[in-house]
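Here is what each chain is made of, one letter per residue.
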Amino acid sequence: MAPPRNVVKIAVQMPDAIPQLIQLDQAKPLAAVLKEVCDAWSLVHSERYALQFADGHRSYITENNRTEIKNGSILCLSTAPDLEAERLLGGLQSGSRERRREALQHLVLLAPDVTFAQEVISRDGLQRLGTIIEDGDDLGEVLTLALRAFLELMEHGMVSWETLSIPFVRKVVCYVNMNLMDASVQPLALRLLESVTLSSPALGQLVKSEVPLDRLLVHLQVMNQQLQTKAMALLTALLQGADPAERKHMLGYLWQRNLRQFIYKNIIHSATPLGDEMAHHLYVLQALMLGLLEPRMRTPLDPYSQEQREQLQALRQAAFESEGESLGTGLSADRRRSLCAREFRKLGFSNSNPAQDLERVPPGLLALDNMLYFSRHAPSAYSRLVLENSSREDKHECPFARSSIQLTVLLCELLRVGEPCSETAQDFSPMFFGQDQSFHELFCVSIQLLNKTWKEMRATQEDFDKVMQVVREQLARTLALKPSSLELFRTKVNALPYGEVLRLRQTERLHQEGTLAPPILELREKLKPELMGLIRQQRLLRLCEGTLFRKISSRRRQDKLWFCCLSPNHKVLQYGDVEEGASPPTLESLPEQREEDGAGVRVSHLPSRDHPLCGARVGPSGQPGLLPAVAVADIKALLTGKDCPHVREKGSGKQNKDLYELAFSISYDHGEADAYLNFIAPSKREMG
């Protein structure tokens, strides 16, 4: 009889004692359960004991988490958490270094458990650990264990990081800045300072002023992945805590010190696989880099700004310089203004006054920055793209300026420019660390892609939104591949033309409709019984038609054939030998001898001794019997591969292995013993 649902069967262990197998009633108070366990081992004062999980973090069992106990769980009886906390904290004050080390080791093991942590913190355990860290008498294992225990206790969130004292934080900073320091201490010190920086603005300013960026760069260049990860964590925490102007200055300094190149070559392309934590910090660093574009993205063009007007004129002149100089000579001011307005329209602005196009935010001035960068760093491609479209008269011209403005918006959306950093995301793009000005360089590739897609779609102005949807898909699909360089991005995105996008859309749509559409699923369920019936009918017909099989002799010769089929009434398997080259025999020609009883058809003769496919038995008279028909009702099992007797009995030699995948046997009742009908399928396809 099954136990009640609130009763679980578990084992309880204790050192130097025989384990107990008990049925734990979850409805019974935990104190009563403890008393029963202690009584079984003749232990008094059950309140001094507690139950823990025997594996993992050895968490204490409480009324809150006892539902985690499942059938088969293994628990252990240990000292109650309050007494254990008292004992270990006492060990921290011992004059013996060995006792302090052992106490710290046990603290580190138990600190992740919230019940134990509450007991330690309530007894000023953090202050005692803080004293060990501040004193710094032992810069080796003791300091490492003290930092680990301190961090584990703080991670529970019972005490705010803002309560830490300035001398304590400065001491941890010293450990980060020291040159000769134990390799296990500095990652822990960096982790502690990261938590302080993210949680306390005031203490974060202290950390920023006390830890030079150059010091973090030194840690990043050490070929120690854990140290690199924690240094990157503190660096991104300091950048997140800075105001935009200060962040821009810090990133500029780091880039001058070749941090981007080092990350790209020695972290992203390191022989050691990138850990999840480092991937997250690189995502944060990328988001902060792209975040520097946000002010330009949210600033509209000022029509009264002389600098911005000159930038627009430079953009126009880069495309129509020779034409403008030749036509503008000797023209009146009105005529020259009319010429400029016409050229701006040729450039692809929707208005004769381009400032009106760039008043929209986003993308604001960021779109102008992209267009200027393209015209200055890829002048040939810029001129070719603009002139190619401005000279067309067939309504298929691609408007460069309008496309650039919308493309800048699209890139900002895909790259989440200006959005807050996720606390868990790891979605960074390696190519953004592959070169400077990566956003503008990405725009240069994307605007040429847009022009290429425009021509492939033979688009007109009315198709502008459709083209942008296709370009969005091309860019999103390629970015999802995380190409390691801009050149690789260019190669992959250009290998995704409009026709391929259509093919992918259709494939995904068919897949989605076939697997997710409710009407399709409903129709499939309705048709399933009928289809299964047709499959069963077809298989029975195939069995009734029968199949020729080859006999396998002890010398692996396959020079004889035999035939097996299912009788028309589906009650008997009939078989017999067939000469080489002969057609399959008719049902009536198969040798069989049957008798009827009340249960149906039964075999009346044993298998022939000469038949290599059956067990070596003889008839009652000692003479070989006729080949029998096997009643379906007598079949016990279907065996395949190495389980088949005709393969198993011949050993496991190399030449026998090729038959394993083709061998199968039917086991059936034959008196007091089992008999087998053994087969070798003609091919793997027929076997399947």
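Criteria and thresholds
The residue count restarts for each chain, going from 1 along the sequence in the order it is written. Restriction of local features to residues with pLDDT of at least 70 applies here, the model being predicted, together with a cutoff of 80 or more for giving and counting side-chain atom pairs; totals for whole chains, interfaces and linings are based on all residues. With hydrogens and water stripped out, all remaining heavy atoms of the structure feed into the side-chain values. UniProt positions are given in the numbering used here, feature names are shortened, and annotations may be inferred rather than shown by experiment. Each helix corresponds to a stretch of at least 4 residues labelled H or I by DSSP, and each strand to a stretch of at least 2 residues labelled E; elements are numbered beginning at the N terminus. Only protein chains enter the accessibility calculation, which uses a 1.4 Å probe; a residue whose area is less than 20% of its type maximum is buried, one above 50% is exposed, and one in between is partly exposed. The contact criterion used is simple: two residues touch if any of their non-hydrogen atoms lie within 4.5 Å. With residues, only the protein chains shown are counted as cover, and all accessible areas are computed by Shrake-Rupley using a 1.4 Å probe. Take a side-chain nitrogen of Lys or Arg and a carboxyl oxygen of Asp or Glu: if they are within 4 Å of each other, that pair is a salt bridge. Each pair of strands is called paired provided DSSP finds at least two bridges between the two strands. Helix axes are fitted to C-alpha atoms over the stretch in contact, other axes to C-alpha atoms as well, and angles between N-to-C directions run from 0 to 180 degrees. Within this analysis, patches are made of residues with over 30% relative accessible area and no salt bridge. Like charges are joined at 9 Å or less; nonpolar side chains (Val, Leu, Ile, Met, Phe, Trp, Tyr) at 5 Å or less. N or O atoms within 3.5 Å of each other form a polar contact, as long as, within protein, one can give a hydrogen and the other can take it, and as long as residues adjacent in sequence are counted only when both atoms are side-chain atoms.

- As annotated in an unreviewed UniProt entry, the protein chain carries the name Engulfment and cell motility protein 3 isoform X3 and is attributed to Leptonychotes weddellii.
- If you open the UniProt record of the protein chain and go to Function (unreviewed entry), you find "Involved in cytoskeletal rearrangements required for phagocytosis of apoptotic cells and cell motility. Acts in association with DOCK1 and CRK. Was initially proposed to be required in complex with DOCK1 to activate Rac Rho small GTPases. May enhance the guanine nucleotide exchange factor (GEF) activity of DOCK1."

## So, the overall build of the protein chain
Then, in step 1: A count of helical and extended segments in the protein chain gives 29 helices and 13 strands.
Then, in step 2: Split into buried and exposed, the 688 residues of the protein chain put 45% on the buried side.
Then, in step 3: For the protein chain, the share of sequence-separated contacts (at least 6 apart) that also reach a separation of at least 24 residues comes to 64%.
Then, in step 4: Approximately 36,700 Å² of the protein chain is accessible, and the part contributed by carbon and sulfur atoms is 51%.

## Side note on the pattern of salt bridges
Then, in step 1: On inspection of all chains with the given rule, the structure shows 30 salt bridges.
Then, in step 2: Where R170 meets E210, a salt bridge forms, and the shortest distance between an N and an O atom there is 3.3 Å. Note that R170 is positioned in helix α7 (residues 166-177) and E210 in helix α9 (residues 201-210), a separation of 40 residues in sequence.
Then, in step 3: A relative accessible area of 42% places R170 in the partly exposed class.
Then, in step 4: With a shortest N-O distance of 2.9 Å, R298 and E294 are connected by a salt bridge.
Then, in step 5: We classify R298 as partly exposed; its relative accessible area is 45%.
Then, in step 6: One continuous salt-bridge network, built from bridges that share partners, spans E473, R477, R505 and E508.

## So, the sheet that holds strand β2 (residues 20-25)
Then, in step 1: Across the sheet, four strands lie side by side as β2-β1-β4-β3; this open sheet has mixed pairing. Of all strands in the sheet, those bounded by a partner on one side alone are β2 and β3 (49-53). Strand-to-strand twist in this sheet, taken as the mean axis angle between neighbours without regard to direction, amounts to 40 degrees.

## A closer look at a nonpolar patch on the surface
Then, in step 1: Together, L523, L527, L531 and L534 line one region of the surface with nonpolar side chains, adding up to about 350 Å² of accessible area.
Then, in step 2: Relative to the assigned elements, L523 resides in helix α26 (residues 518-545).
Then, in step 3: On the accessibility criterion, L523 (47% relative accessible area) is partly exposed.

## Points about unusual backbone geometry
Then, in step 1: In this structure, the amide linkage connecting V361 to the following residue, P362, adopts the cis form with an omega of -15 degrees.
Then, in step 2: Residue P363 follows P362 across a cis peptide bond; omega there is 15 degrees.
Then, in step 3: With respect to the secondary-structure elements, P363 resides in the loop between α18 (354-357) and α19 (365-377).
Then, in step 4: Of note in the backbone geometry, S42 takes a positive phi value of approximately 60 degrees without being a glycine.

## Focus: the side chain of N389
Then, in step 1: For N389, the location among the structural elements is in helix α20 (residues 379-390).
Then, in step 2: Given the relative accessible area of 5%, N389 is considered buried.
Then, in step 3: Here L385 takes part through its backbone oxygen, which lies 2.8 Å from a polar atom of the side chain of N389.
Then, in step 4: The residues touching N389, leaving out its near neighbours within four places in the chain, are H396, E397, C398 and N451.

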